[in-house]
Amino acid sequence: MKVRKMFRSIVSGGAIAALCLASGLAAQTPAAHRTENVVVVMLDGLRWQEVFHGADLELLKAPELAALGAPKERSAQAEKLYARSTPEERRQALMPFLWSVMATQGQIFGNRDLGSDSHVTNGLNFSYPGYNETLTGFGDPRIRSNDNIPNPNVTVFEWLHAKPAFAGKVTAFGAWDAFNGIFNRERCGFPVIAGYDPLTGIPATPEVKLLNELKAETVRVWPDEPFDPVPFHAAVEYVKAKKPRLLFIGLGETDDWAHAGAYPEYLNAAHLGDSYLRQLWELLQSMPEYRGKTTLIVLPDHGRGVGSLWTSHGEKIPESQQTWMAFLGPDTAALGERKDSATVTESQIAATLAVMLGEDYHAAVPQSGAPIADVLGK
Ligand SMILES: [Zn+2]
């Protein structure tokens, strides 16, 4: 906010504006800077291959792969839902909101077939290092495991929350309990609701009570994270009640089902995640606090292997450093699916979202990646 006002008054000042443009400030602080809220949604370990090509027909058809973690009927159902003759049709069937709204009104990076590269820089290609890189702007060699330990680094969420304009206006929801550590819940000062934590801090409406009961009582397939619907709908209730300016939602089922070898469920999780993006976007556009002044950023924390290695990722699987990222909001020009674009990295997200909110994180934390100029300045 402060930078934005400053920029506007500088722009009205003629000669100083020229100076300002020459210094490159304009690239980071667009004149038509209308974002007041940012929502970041991360879909854990969802590959760019499915995002840009849709369902992999070989994985769907190969029973020894597709049926590893799911019965045959689930493969047949997934084939009906997601198998189409062209990659364009398949991706539209898998993620209709991403392709009909985000990729037409916003931008999406990471289609290597078209010369657009998006990747993590942390070298480890798994979750905690990926979330740390995305949320702080740099890979940290000290973070070499997924252990749920307090992050020694300050995320851009914590950095923004320390500013008066964002105090009490920042929240993070995560399916995975390690988000408590990643955001450093004990230190960060804003609510982090992760893993099997109940939602507190807003009135206990019937919806909130039911969500907390479902979270507590549903079978725990994974000890460290519930199924995605409960954390997602808890975030929705929180948005309605508290209207945060900066919100994080981390969904985990894509990665869990992939590790289990359950390709149909992995696709279903991606499809559900896409429907959540639509629900969230429609909710935000229905609220005066958000309508026309909110940017949505969507990305995974790492990629996965290819062929039979699709279930896995990590340091020894180089393809799993490949990611994708999508942006939709009032400051992002509708350039759609990017072709031959400059490489983008997860380390640039922190500074990019800060600039959208009028703050220069990259100057404050120089080891962070620079803001992505292409999505700033409509
Ligand atoms: Zn994983």
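Residues numbered from 1 in each chain as written. Predicted model: local features only at pLDDT ≥ 70, side-chain atom pairs only at ≥ 80, totals over all residues. Heavy atoms only, no water.

Turning our attention to the overall build of the chain. When helices and strands are counted, the chain shows 19 helices and 10 strands. When each of the 378 residues of the chain is scored for burial, the buried share is 57%. Considering only contacts within the chain whose residues lie at least 6 apart along the sequence, 72% involve residues at least 24 apart. Summed over all atoms, the accessible surface of the chain reaches about 14600 Å², with 58% contributed by carbon and sulfur. (Helix = DSSP H or I, 4+ residues; strand = E, 2+ residues; numbered from the N terminus. Buried < 20%, exposed > 50% of the residue type's maximum accessible area, 1.4 Å probe, protein only. Contact = heavy atoms within 4.5 Å. Areas by Shrake-Rupley, 256 points an atom, 1.4 Å probe, with all protein chains shown as cover.)

All right, on to the packing of aromatic side chains then. Under the counting rule described, the total for this entry stands at 22 aromatic pairs. Here the aromatic rings of Trp-48 and Phe-52 are separated by 6.4 Å at their centres, their planes lie at 55°, and the arrangement is tilted. In this pair, Trp-48 and Phe-52 are both assigned in helix 4 (residues 48–53), 4 residues apart and thus about one turn of the helix distant. Phe-52 gets classed as buried once you look at its relative accessible area, which sits at 1%. Each ring, one from Phe-173 and one from Tyr-238, has its centre 5.5 Å from the other, and the planes form 65°; the classification is edge-to-face. With Phe-173 in strand 4 (residues 170–174) and Tyr-238 in helix 15 (residues 229–242), the pair connects residues that are 65 residues apart, well separated along the chain. For the pair Phe-173 and Tyr-238, one class covers both residues: buried. (Phe/Tyr/Trp six-rings, centres within 6.5 Å; stacked < 30°, edge-to-face > 60°.)

A few words on the coordination of the zinc ion. Bound to the zinc ion are the protein donor atoms Asp-255 (OD), Asp-255 (OD), His-259 (NE2) and His-313 (NE2), situated 2.1 to 2.6 Å from the metal. Viewed at the metal, the 4 donor atoms of the zinc ion are separated by angles of 54 to 148°, and the geometry they form is irregular. In the primary structure, the donors to the zinc ion are separated according to the pattern D-x3-H-x53-H. With a gap of 54 residues between them, His-259 in helix 16 (residues 253–259) and His-313 in the loop between strand 7 (294–299) and strand 8 (325–328) connect regions that are remote in the sequence. Given a relative accessible area of 43%, His-259 falls into the partly exposed group. (Donors = N, O, S within 2.8 Å, 3.2 Å for Na, K, Ca; no water. Tetrahedral: all angles 85-135°; square planar, octahedral: opposite > 155°, others 65-115°.)

Moving on to the pattern of salt bridges. Tallied over the entire structure, the rule returns 13 salt bridges. Glu-50 serves as the salt-bridge partner of Arg-47, at 2.7 Å between the closest nitrogen and oxygen. Here Arg-47 falls in the buried class, since its relative accessible area comes to 3%. For the salt bridge of Arg-185 with Asp-197, the shortest nitrogen-to-oxygen distance reads 3.0 Å. Separated by 12 residues along the polypeptide, Arg-185 in helix 13 (residues 185–188) and Asp-197 in the loop between strand 5 (192–194) and helix 14 (206–217) bring together distant segments of the chain. Judged by its relative accessible area of 19%, Asp-197 is buried. (Salt bridge = Lys/Arg side-chain N within 4 Å of Asp/Glu carboxyl O.)

Looking now at the packing of helix 9 (residues 96–105) against helix 17 (residues 263–285). Look at helix 9 against helix 17: their axes get within 8 Å of each other, and the N-to-C directions meet at 40°. Regarding the angle of helix 9 to helix 17, the classification is oblique. Listed contacts from helix 17 to Pro-96, Phe-97, Leu-98, Ser-100 and Met-102 of helix 9 are His-271, Asp-274, Leu-277, Arg-278 and Trp-281. Here the contact of helix 9 with helix 17 is composed, by residue class, of 6 nonpolar, 2 polar and 2 charged. (Axes fitted to C-alpha atoms, helices over the stretch in contact; angles between N-to-C directions. Parallel < 35°, antiparallel > 145°, perpendicular 65-115°, else oblique. Nonpolar A, V, L, I, M, F, W, Y, C, P; charged D, E, K, R; others polar.)

Of all the positions in helix 7 (residues 72–82), only Ser-75, Ala-78 and Tyr-82 are classed as buried. In a view along the axis of helix 7, the buried residues occupy a sector of 65°, so they form one face of it. Of the exposed residues in helix 7, those oriented more than 90 degrees away from the buried face are Lys-72, Glu-73 and Lys-80. (Arc of directions from axis to C-beta.)

A few words now on the environment of Arg-338. Within the secondary structure, Arg-338 is located in the loop between strand 9 (336–337) and strand 10 (344–345). The spatial distance from the C-alpha of Arg-338 to the C-alpha of Ala-103 is 9.0 Å, given a sequence separation of 235 residues. Residue contacts for Arg-338: discarding those within four places in its chain leaves Gln-107, Ile-108, Phe-109, Leu-114, Ser-116 and Asp-374.

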